[in-house]
Every structure is written in C-alpha cells, then in structure tokens.
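# Close look at the chain arrangement
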Amino acid sequence: MAGLLPAGLLPGGLLRAGLLPGDIASPAELAGRLAEHSYLADEGLATAAYLGLKLSRPLFCEGEAGVGKTELAKALAALLGAPLIRLQCYEGIDASQALYDWDFPRQLLHLRAAEAAGAADLEGLEKELYSRRFLIARPLLAALETTPAVLLIDEVDRADDEFEAFLLEVLSDFSVTVPEIGTLRAATPPAVVITSNRTRDVHDALKRRCYYYWLEHPAFDREVQIVRLRVPEASDRLVRQVTAAVQALRAEPLLKRPGVAETIDWAQALAALGADHLDPALAAATLGAVLKYREDAERVLDVGSLVARAVAGA
Ligand SMILES: Nc1ncnc2c1ncn2[C@@H]1O[C@H](COP(=O)(O)OP(=O)(O)OP(=O)(O)O)[C@@H](O)[C@H]1O
Ligand SMILES: [Mg+2]
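If you're wondering where the values come from, they're calculated on a predicted model, not measured in any experiment. Within each chain, residues carry numbers counting from 1 in the order of the written sequence. The order in which chains are written sets their letters, starting at A; the order in which ligands are written sets their numbers, starting at 1. Residue-level local features of this predicted model are given only where pLDDT is at least 70; pairs of side-chain atoms are given and counted only at 80 or more, and the full residue set underlies all totals for whole chains, interfaces and linings.

### Here we look at the domain arrangement of the chain
By the assigned domains, the chain splits into domain 1 (4-91 + 146-214), domain 2 (100-137) and domain 3 (220-313). Computed over C-alpha atoms, the centres of domain 2 and domain 3 are 58 Å apart. An automatic or database domain assignment provides the domain bounds reported here.

If you want it as structure tokens, here you go:
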C-alpha cells in the first residue's frame with residue numbers, strides 16, 4: 001500500500017509540523033515579512049496568520065469584497081516560497097472538481113493497449129487502472145501531495161452545505177480516502193487560507209477548525225501605505241486624496257462599498273491620466289474606477305463636494 005503513495009504523502013499517524021519559517025518568531029515579524037511581499041497586515045491578521053502557520057490550522061478570512069483576503073494567501077505563498085494552489089468555489093462544486101477524478105480516456109487507452117497486447121491478468125489490470133497513475137489530482141489532493149504548499153479555498157460561501165461538510169472532513173486530518181487506493185495523508189499539511197464574502201453564513205463546525213479573522217477596510221494611514229506600495233507612480237498627494245475620498249464614499253449608503261482594490265484602481269487611473277492631485281471634475285470623470293453600480297454613482301449625487309471635503313482633509 002505504502003508503495004502506491006506518491007511522494008509527499010505518507011500513511012496515517014505521522015506528526016504534523018507547521019510551515020512557519022524558523023526565523024519568524026512573532027506575529028510582528030511575520031507582518032514584516034509579508035510587507036516585503038507588498039502585503040500590509042494589521043496586528044490581528046498577522047497574529048491569526050502566525051498561529052495558523054505555527055499550529056497548522058486553516059485561517060478563515062471573512063470580509064467585504066476587495067479587503068485583501070485572496071491577496072493574503074498569495075503573499076503567504078510568496079513568503080514561504082511555496083506554490084499557491086487555488087480552489088475557487090462556486091455553486092454546485094463537488095468532490096470530483098475539488099479533490100480528484102479518474103482519467104477515463106487514459107484508462108480506456110491503457111485498457112485497449114493491454115487488450116491488444118493480450119493481457120491475461122485481468123485482476124492485475126483492473127488494479128493498475130485504479131492506481132494513482134490514472135488519478136487526476138484536483139486542487140485539494142494536489143495540495144496534500146505538495147510540500148510545502150499554500151492552499152487557497154476561495155469564496156467558500158459560494159459553495160453549498162454539502163460541499164462544506166466535505167471540506168470539513170478533508171481539513172480535519174488533511175487526508176483523503178480514495179476507495180480504490182486507500183487513505184492518502186499529507187506528511188506536512190499545506191498552509192490553508194479560506195475566504196468568504198459572507199454572502200451566506202458558513203457553518204460553525206468549519207469555522208471551529210480554523211482561526212477566524214474578519215477583515216475590515218483599513219484605516220486611513222494603512223490604506224495610504226497600501227496604495228503607495230501598489231501604485232508607486234502616483235504622487236503622495238494624489239494617494240492621500242484618493243484614499244480620503246474612498247473612505248468618505250464608504251460612509252455613504254452604497255450598494256457596493258469600494259474596497260482597497262478600488263482605491264488602488266482609482267489611483268492608478270488618475271496617475272495614468274497624468275493627474276498629481278484629485279479635484280471634483282477629475283473625480284466625476286473617473287468615478288467608474290471606484291463605483292461599479294449606476295445606482296451608486298447616482299446616489300452619490302454631489303461627488304464634487306464629497307471629494308472637495310475629503311481632499312481638504314487629506
Ligand atoms: N493589506 C493589503 N496589503 C497590500 N495590498 C492589499 C491589501 N489589502 C488589499 N490589497 C490590494 O487590494 C487588492 C484586492 O485584494 P483581494 O483581491 O485580496 O481582495 P478580496 O478580499 O479577496 O476581494 P474579493 O472578495 O472581491 O475577492 C489586491 O490586489 C491588493 O493589491
Ligand atoms: Mg478574493
């Protein structure tokens with residue numbers, strides 16, 4: 001049985017080690033290293049990520065769109081020098097798309113070739129057809145087989161209850177059972193980041209196995225730093241003014257509040273137009289970078305004065 005297991009997978013009962021690099025001794029140090037990869041985490045998020053890595057627990061990040069949930073997983077992968085294996089969830093996703101599938105065309109070809117060669121050992125042939133060789137690893141299995149790896153289970157709130165229960169099973173002991181092969185368990189579990197936009201509540205049982213963190217929109221100073229990092233071509237004045245204006249927009253009753261992603265887009269758009277500061281006319285002309293619903297653009301009737309106020313305070 002053990003001979004069938006691909007490299008990186010070992011039969012049950014082995015101790016797990018976290019993926020935290022030995023030279024990172026505190027959440028603050030982890031935050032520093034994430035910053036080197038252009039991700040600015042606040043203290044709470046850095047602590048949750050530190051514990052997740054140290055104790056091999058998934059990190060469950062929930063928050064509105066564009067607050068940096070997916071990007072955290074990317075930054076962690078870059079920091080660890082590990083591949084990012086992404087499972088994008090959607091309505092109706094099931095185990096064969098998430099875990100593994102049999103490669104039917106290849107199995108069939110193999111069968112035909114064996115028949116043509118006059119294979120006599122039918123039992124052996126069947127065993128061969130259902131071996132790891134003919135298994136297609138989908139993201140979950142791929143993550144268990146890869147060491148080290150960062151597994152991003154993105155937008156889990158889009159999947160259904162059944163899929164959540166299945167995830168729970170896989171994440172409980174980082175193993176999967178393929179009936180024809182046996183149980184495959186990760187020797188070193190991947191670092192796992194699960195994200196949700198909270199379009200529905202995810203079950204407590206799944207959250208209980210994770211460190212949970214609610215990502216808020218960043219405060220002004222942190223957002224300015226993020227935009228500076230991401231849009232180095234924008235002037236300091238422009239970055240501060242755009243950030244102030246977005247923060248003011250977030251206080252309005254909008255269908256979709258702009259995230260950090262929109263602040264970055266807006267600064268980028270303005271810099272691309274050669275602007276070094278924001279004014280009401282420029283804001284009105286480029287509002288599509290930040291408000292993505294017609295109703296929202298109409299709701300913020302007086303963009304001019306909102307921007308003028310924000311710019312004055314920045
Ligand atoms: N703390 C941060 N440090 C650096 N960049 C950030 C941070 N937060 C957000 N960003 C930037 O904002 C962009 C959007 O972030 P991301 O895609 O991770 O959002 P999200 O929370 O996954 O949104 P969605 O729910 O829409 O998928 C990223 O490309 C990144 O450039
Ligand atoms: Mg995302």
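### Let's talk about the packing of helix α10 (residues 220-230) against helix α12 (residues 260-272)
Only the stretch in contact is used when a helix axis is fitted, and all axes are lines through C-alpha atoms; the angle between N-to-C directions ranges over 0 to 180 degrees. Only DSSP runs of H or I with at least four residues qualify as helices, and only runs of E with at least two residues qualify as strands; both kinds are numbered from the N terminus onward. Following both chains from N to C, one finds α10 and α12 inclined at 50°, their axes separated by 10 Å at the closest point. For the element pair α10 / α12, the angle class is oblique. Of the two elements, α10 crosses α12, and the hand of that crossing is right-handed. Contact residues: α10 offers E223, I226, V227 and R230, while α12 offers V260, T263, I264 and A267. By the convention adopted, Pro, Cys, Tyr, Trp, Phe, Met, Ile, Leu, Val and Ala count as nonpolar, Lys, Arg, Asp and Glu as charged, and the other residues, Gly among them, as polar. A breakdown of the residues in the contact of α10 with α12 according to their chemical character gives five nonpolar, one polar and two charged. The labels follow the angle: roughly parallel below 35 degrees, roughly antiparallel above 145, roughly perpendicular from 65 to 115, and oblique for the rest. For a crossing to be left-handed, the near helix must be turned anticlockwise from the far one by less than a right angle; the clockwise case is right-handed. Contact criterion: two residues are in contact if their C-beta atoms, reconstructed from the backbone, are within 7 Å.

### Regarding the nonpolar core
To count as a nonpolar core, a set of buried Ala, Val, Leu, Ile, Met, Phe, Trp, Tyr and Cys residues must be joined through C-beta atoms within 7 Å. For the exposure call, what matters is how many other C-beta atoms sit within 10 Å of a residue's own: 20 or more marks it buried, 12 or fewer exposed, and in between partly exposed, using C-beta atoms placed from the backbone. In this structure, A49, L76, V150, V193, V242, A245 and A267 are the most contacted members of the largest nonpolar core, which totals 87 residues. Counting contributing residues per domain, this core is built from domain 1 (4-91 + 146-214) and domain 3 (220-313), each supplying no fewer than three. Those residues in contact with V242 that lie beyond four places of it in its chain are V227, T263, W266, A267, L270 and L278.

### Here we look at the site of ligand 1
To decide nearness, the C-beta atom of each residue is placed from the backbone, and the residue is near a molecule or strand if that atom lies within 6 Å of it. The full set close to ligand 1 counts 19 residues, and A65, G68, K69, T70 and E71 are the nearest of them. For the shell around ligand 1, the secondary structure elements donating two or more residues are α3 (69-80), α10 and α12. Counted by class, the shell around ligand 1 contains nine nonpolar, seven polar and three charged residues. Residue-level mapping places the shell around ligand 1 at the junction of two domains, with at least three residues from each of domain 1 (4-91 + 146-214) and domain 3 (220-313).

### As for the sheet that holds strand β6 (residues 150-154)
In space, the five strands of this open sheet follow the order β3-β6-β9-β2-β10, with parallel pairing throughout. Only two strands of the sheet have a single partner each, and these edge strands are β3 (84-88) and β10 (211-215). This sheet shows a mean twist of 20° between the axes of neighbouring strands, independent of strand direction. As paired elements, strand β2 (residues 59-63) and strand β9 (residues 191-196) share four bridges and run parallel to each other. Strand pairing is assigned whenever DSSP detects at least two bridges linking the two strands.

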